[in-house]
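# A closer look at the structure
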Amino acid sequence: MKKTIFTGAGVAIVTPMNDDGTIDFDAFGRLIDFQIENGTDAIIVCGTTGEASTMSDDEHKETIRYCVERVNKRVPVIAGTGSNDTAYAIELSKTAEALGADAVLVVSPYYNKTSQNGLVAHFTAIADAINIPVMLYNIPGRTGVNIAIDTFVTLSKHPNIVAVKEAGGNINYFSKIIEACGDDLDVYSGDDGMTVPVMSIGGKGVISVISNIMPKETHDLCQYCLDNDFATAGKLQIKYLDLMNSLFCDVNPIPVKEALNLMGMCKNTMRLPLCPTTKANVEKIADAMRPFGLIK
């Protein structure tokens, strides 16, 4: 059995930005501390929610470095190091390891539309190049390619490939991955709304967007699952569902940055092609936040 990176709620943390689009490391540090102080089980930096796709190489590496140092081993740090260029993904992954990240999150190559054999070669080359665990990231809605079950099985045999963040939104697919790979591959939900169903069939936790604004509540929900109290966890899942959905009323991470802006935790600044959402969506997000006392 391979070592599990974390169990529970890992936050897919946003990257705060100043008005001019530069990274606001002061706000980032406050967000990291807020997460850890409220029970987050892991921090996933430079992922989709962290807008890594519009970072320069230097910014990407500096953001990982800052996160690792600020966290200071309090919880695991998983660094997003994926790319559609295998050589660059290897370089980023080596850097993340050198900087002290506990694991890397590697998204499927996007745009290339590689074959399943290409996926095996891509992920294997990255896993061969480093000595820290690799978490695969399957999100076909963004990448245009789905990791097939047989491919998961092949990759799960690699000693460094230990987990997958599955964000295809299909509970049947989760079941097939868990059945086919067993203890060779830990499975995490990539969607907040599927946390309880996924954990009820053996998933280890969630890589969460809502944790950015509700870290304690998301941790607690996952802990109920880990304690096999799925009745309580299910009630919480339903309780938070409208808020979870409001954070996807526009393209992630636009809504969650709006929510954090409403809470005074960071600005709603993003880099083009992402841009602020509509006034109607801001009102929808605010309406979903108020019942939980997040804003007045």
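Residues numbered from 1 in each chain as written. Predicted model: local features only at pLDDT ≥ 70, side-chain atom pairs only at ≥ 80, totals over all residues. Heavy atoms only, no water.

Okay, the packing of helix α12 (residues 254-262) against helix α13 (residues 279-289) next. The contact between α12 and α13 brings their axes to 10 Å, and the two run at 60 degrees. As far as their axial angle goes, α13 and α12 are oblique. For the element pair α12 and α13, the recorded crossing hand is right-handed. Every residue of α13 that contacts α12 at P255, E258, A259 and L262 is listed here: V282, I285, A286 and M289. (Axes fitted to C-alpha atoms, helices over the stretch in contact; angles between N-to-C directions. Helix = DSSP H or I, 4+ residues; strand = E, 2+ residues; numbered from the N terminus. Parallel < 35°, antiparallel > 145°, perpendicular 65-115°, else oblique. Left-handed = near helix turned anticlockwise from the far one by under 90°. Contact = heavy atoms within 4.5 Å.)

Quantified by volume, the largest pocket comes out at close to 600 Å³. Surrounding the largest pocket, 28 residues form its lining, G47, T48, A52, S53 and Y110 being those nearest its centre. Residue assignment for the lining of the largest pocket shows that the elements contributing at least two residues are α3 (86-99), β4 (103-107) and α5 (140-143). Split by residue class, the lining of the largest pocket holds 14 nonpolar, eleven polar and three charged. Counted as a void, the second largest pocket has a volume near 160 Å³. If you go around the second largest pocket, the residues you meet are K3, T4, I5, K73, V75, P76, D102 and P133. (1 Å grid on protein atoms, 1.4 Å probe; cavity = no way out; pocket = protein on both sides within 12 Å on 5 of 7 lines; lining within 4 Å. Points joined across faces, edges and corners; volume = space filled by probe spheres on them. Nonpolar A, V, L, I, M, F, W, Y, C, P; charged D, E, K, R; others polar.)

Considering all chains together, one arrives at zero disulfides under this definition. With no disulfide of its own, C222 has C225 as its nearest cysteine by sulfur position, at a separation of 6.0 Å. The buried category is assigned to C222, whose relative accessible area is 0%. Here C275 stays free of any disulfide, with the sulfur of C249 as its closest cysteine sulfur at 12 Å. (Disulfide = S-S within 2.5 Å. Buried < 20%, exposed > 50% of the residue type's maximum accessible area, 1.4 Å probe, protein only.)

Turning next to the packing of helix α1 (residues 25-37) against helix α2 (residues 57-71). It is at 10 Å that the axes of α1 and α2 come closest, and there the two elements cross at 45 degrees. The orientation of α1 with respect to α2, classified from their angle, is oblique. As for how α1 packs across α2, the hand of that crossing is right-handed. Within the contact between the two elements, α1 uses F25, F28, G29, R30, I32, D33 and I36 and α2 uses E62, T63, Y66, C67, R70 and V71. Counted by class, the contact of α1 with α2 contains seven nonpolar, two polar and four charged residues.

Attention now goes to the pattern of salt bridges. Per the counting criterion, the structure on display carries 13 salt bridges. Between K257 and E51 there is a salt bridge whose closest N-O contact spans 2.6 Å. Remark: E51 occurs in the loop between β2 (42-45) and α2 and K257 occurs in helix α12; sequence separation between them is 206 residues. E51 carries the same exposure label as K257, and that label is buried. Across the pair D220 and K216 runs a salt bridge, and its minimum N-O distance is 2.8 Å. Residue D220 and its partner K216 are located together in helix α9 (residues 215-226), separated by four residues, close to a single helical turn. With a relative accessible area of 25%, D220 lands in the partly exposed category. Among the residues examined, K216 registers a relative accessible area of 44% and is labelled partly exposed. In the salt-bridge network here, residues are joined through shared partners; they are D33, R70 and R74. (Salt bridge = Lys/Arg side-chain N within 4 Å of Asp/Glu carboxyl O.)

Just geometry here; none of it tells us what the structure is for.
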